[in-house]
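Chain and residue survey
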Amino acid sequence: MEPRPQRQPLEPPLVDDRPLWDLWQAAYGFPTVTVADELGLFARLDEAPATAAEISAALHISDRAAEAMLALLAAHGFLVARDGRFHLTPLARSYLLPGNPFYRGGLFALYKDRPRTHAVVREALLHDRRLDAARATASWTDGDWAPERAAAMTAMMHAMSLASAVGLARLLDLSATTRLLDVAGGSGCFAVAFAERNPSLRATVLELPAVCAVADRLIAASPAAEQVGTHPANMFADPWPGGHDAVFFSNVFHDWDRDRCLDLGRRAFAALPTGGRILLHEQLLADAKDGPLGPARYALMMAIYQEGKQFTFAELAALLGECGFVDPDVLPAYGDFSLVSARKP
Ligand SMILES: C[S@@+](CC[C@H](N)C(=O)[O-])C[C@H]1O[C@@H](n2cnc3c(N)ncnc32)[C@H](O)[C@@H]1O
């Protein structure tokens, strides 16, 4: 019998395998935060920093469960351990305390039980679920949302968008704008943030009627409430209000296929005077479509849940050009967001 050929002793791979561990285990971060949120951990640590043993006693969980949860939250940057006690970091204080305006609770409520599994991604990638998404968004566009659904969705988008709205308002020069139309403006957080920063600006949030009812309540709580109003309408079917010199869309073009985006761009063009600006707030993919990670993940979510996609700047510039706009430009905005703008000649 011939001896079996023996392989060479193994050398380690050229790169270490930490990214693969990360890929495998990253999915646990979000549910650990939503469970900790549900258990009231962050509010408790805001009252008083605590040891793992104190947390396990207070939350009636085992010591090893408390240790695992606290270590993961600290490794994600939400907690810091000092002298054996866990303290909230500024990141946790900003986004995880229920009393904070930037609290992400509305997002947690809607996303904590959404399956992010092989089957879900496989279905989206193999059978482009645009048709299902179109059916789901038909209930959006037809405006037949029950008030509870509109409230939950709007609370989710508000939680998702408020920080980027306030961040964008600091960056964006609206000194030459008198009236801004925020199309599909959700909770109105962008219109409100712009108005609070620009006392002479007036803004209108065009939204589905059920969402306007929620936005009206959020707008009323702003010191700039007098400057902002809502306009209940279906953006694809109803006339848009006139008299605005800027039309703003945030996280809207990425929801829709190219024809719908062209329709929105052309409607904005028709609604604007000469010299008026269109502003698109989106997470952009790099020209080579090789990242960054945040927008790339968002693109995958669009493939799962919506009809649209994340764009590159060049794609949006071409689309706006087809609608008649000129001088496309891009400004890095808050976090992973960018602001694409163009002018009606
Ligand atoms: C992804 S959210 C973006 C909300 C907001 N601009 C933001 O960035 O937080 C999309 C919004 O489009 C609105 N929408 C969907 N179809 C619409 C339609 N036909 N007319 C007006 N608004 C619509 C939804 O109600 C929702 O608020």
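In every chain, residue numbers begin from 1 and rise along the written sequence. Reporting in this predicted model follows two pLDDT cut-offs: at least 70 for local features of residues, and 80 or more for side-chain atom pairs to be given and counted; totals over whole chains, interfaces and linings ignore these cut-offs and use all residues. Each side-chain value is worked out from all heavy atoms of the structure, with water and hydrogens disregarded.

**Some thoughts on the overall build of the protein chain**
Selection criterion: Helix and strand assignments come from DSSP, with helices taken as H or I runs of at least 4 residues and strands as E runs of at least 2, each series counted from the N terminus. The buried label goes to any residue with under 20% of its type's maximum accessible area, the exposed label to any with over 50%, and the partly exposed label to all in between, with areas taken from a 1.4 Å probe on protein chains only. Whether two residues are in contact is decided by their heavy atoms, any of which lying within 4.5 Å being enough.
Check the secondary structure of the protein chain and you find 15 helices and 9 strands. Taken over the C-alpha atoms alone, the protein chain extends approximately 80 × 65 × 35 Å along its principal axes. Out of the 345 residues in the protein chain, the part that is buried amounts to 43%. Across the protein chain, contacts joining residues at least 24 apart in sequence account for 69% of those joining residues at least 6 apart.

**Quick word on helix H10 (residues 147–171)**
Using the following cut-off: Every helix has an expected span of 1.5 Å times one less than the residues it contains. Bend is the name given here to the angle between axes fitted to two runs of seven residues, the run ending at a residue and the run starting at it.
Here H10 is 25 residues long and its end C-alpha atoms lie 34 Å apart, about the 36 Å a rise of 1.5 Å per residue gives. The largest bend along H10 reaches roughly 45° and is located at Ser 161.

**A closer look at the domain arrangement of the protein chain**
A common way to express how large an interface is: the accessible area buried when the components associate. Rules: Marked domain ranges trace back to an automatic or database domain assignment. A simple way to read buried area is as the amount of 1.4 Å-probe accessible surface that goes missing from two parts once joined, with both sides added. When a carboxyl oxygen of Asp or Glu is within 4 Å of a side-chain nitrogen of Lys or Arg, the pair counts as a salt bridge. Counted as a polar contact is a pair of N or O atoms within 3.5 Å, where, for protein atoms, one must be capable of donating a hydrogen and the other of accepting one, and residues adjacent in sequence contribute only when both atoms are in side chains.
Domain assignment breaks the protein chain into domain 1 (18–100) and domain 2 (111–343). Of the residues lining the interface, 4 residues belong to domain 1; the matching set on domain 2 comes to 5 residues. Of the roughly 330 Å² buried at the junction of domain 1 and domain 2 (both faces included), carbon and sulfur atoms supply 60%. If you sort the residues of domain 1 by the area they bury against domain 2, Phe 30, Thr 34 and Tyr 95 come out on top, with a joint share of 81%. Where domain 1 touches domain 2, the interface holds 0 salt bridges. Seen at the junction of domain 1 and domain 2, the total is 0 residue pairs in polar contact (both at pLDDT 80 or more). Among the elements that make up the side of domain 1 that touches domain 2, the one with the highest residue count is helix H2 (residues 29–38) (3 residues).

**Let's talk about the nonpolar core**
Cut-off, in case you're wondering: Residues enter a nonpolar core if they are buried and are Ala, Val, Leu, Ile, Met, Phe, Trp, Tyr or Cys, with the set joined through side-chain atoms within 4.5 Å.
Judged by nonpolar contacts, the single largest core of 32 residues is most densely connected at Leu 41, Phe 42, Leu 45, Ile 55, Leu 73 and Leu 79. For this core, the secondary structure elements donating two or more residues are H2, helix H3 (41–47), helix H4 (52–59), helix H5 (63–75), strand E2 (85–88), helix H7 (105–111), H10 and helix H12 (209–220). Shared between two domains, this core holds at least three residues of each, these being domain 1 (18–100) and domain 2 (111–343). Leu 206, Phe 236, Ala 268 and Leu 320 belong to the second largest nonpolar core, which has 28 residues in total.

**Brief notes about the sheet that holds strand E9 (residues 337–343)**
What counts is decided by this rule: One bridge is not enough; two strands pair if DSSP finds at least two bridges between them. Only the stretch in contact is used when a helix axis is fitted, and all axes are lines through C-alpha atoms; the angle between N-to-C directions ranges over 0 to 180 degrees.
Spatially, E5-E4-E3-E6-E7-E9-E8 is the arrangement adopted by the 7 strands of the open sheet, whose pairing is mixed. This sheet does not close on itself; its edge strands, each paired only once, are strand E5 (228–232) and strand E8 (326–332). For this sheet the average axis-to-axis angle between neighbouring strands, irrespective of direction, equals 20°. Sheet topology places strand E3 (residues 179–183) next to strand E6 (residues 246–250); 3 bridges connect them, and they run parallel. Along E6, the bridge assignment pairs Leu 181 with Val 247.

**Quick notes on the site of the ligand**
Rules: When at least one non-hydrogen atom of a residue lies within 4 Å of a molecule or strand, that residue is treated as near it. Residue burial considers only the protein chains on display, and all accessible areas are found by Shrake-Rupley using a 1.4 Å probe. Throughout this entry, Asp, Glu, Lys and Arg are counted as charged residues, while Ala, Val, Leu, Ile, Met, Phe, Trp, Tyr, Cys and Pro are counted as nonpolar. The remaining residues, Gly among them, count as polar.
Lining the immediate environment of the ligand, one finds 19 residues, of which Met 157, Ser 161, Ala 184, Glu 207 and Ser 250 sit closest. At 2.8 Å, a backbone N or O of Ala 184 approaches a nitrogen atom of the ligand. Taking Asn 251, its side chain carries an N or O atom lying 3.1 Å from an oxygen atom of the ligand. Contact with the protein chains removes 98% of the 590 Å² of surface that the ligand exposes when unbound. Listed by contribution, the elements that provide at least two residues to the shell around the ligand are helix H9 (130–141) and H10. Grouping the constituent residues of the shell around the ligand by class yields 10 nonpolar, 7 polar and 2 charged.

**Quick look at the packing of H10 against helix H11 (residues 189–197)**
We apply this condition: In what follows, roughly perpendicular refers to angles from 65 to 115 degrees, roughly parallel to angles under 35, roughly antiparallel to angles over 145, and oblique to any angle outside these ranges. For any helix crossing, the convention is left-handed if the near helix is rotated counterclockwise from the far helix by under a right angle, and right-handed if that rotation is clockwise.
At a minimum axis separation of 8 Å, H10 and H11 run at an interaxial angle of 30°. By the criterion of interaxial angle, the relationship of H10 to H11 is roughly parallel. Note that H10 runs across H11; the crossing there is right-handed. Residues His 158, Ser 161, Leu 162, Ser 164, Ala 165, Val 166, Leu 168, Ala 169 and Arg 170 of H10 form the contact with H11, whose participating residues are Cys 189, Phe 190, Ala 193, Phe 194 and Arg 197. Here the contact of H10 with H11 is built from residues that sort into 9 nonpolar, 3 polar and 2 charged.

**Some thoughts on the pairing of E8**
Sheet analysis places E8 next to E9, joined by 5 bridges and oriented antiparallel. The residue bridging Leu 331 from the neighbouring strand is Leu 339, located in E9. Turn length for the E8-E9 hairpin, with the two strands adjacent in sequence and antiparallel, is 4 residues, and the turn residue Gly 335 shows positive phi of about 60°.

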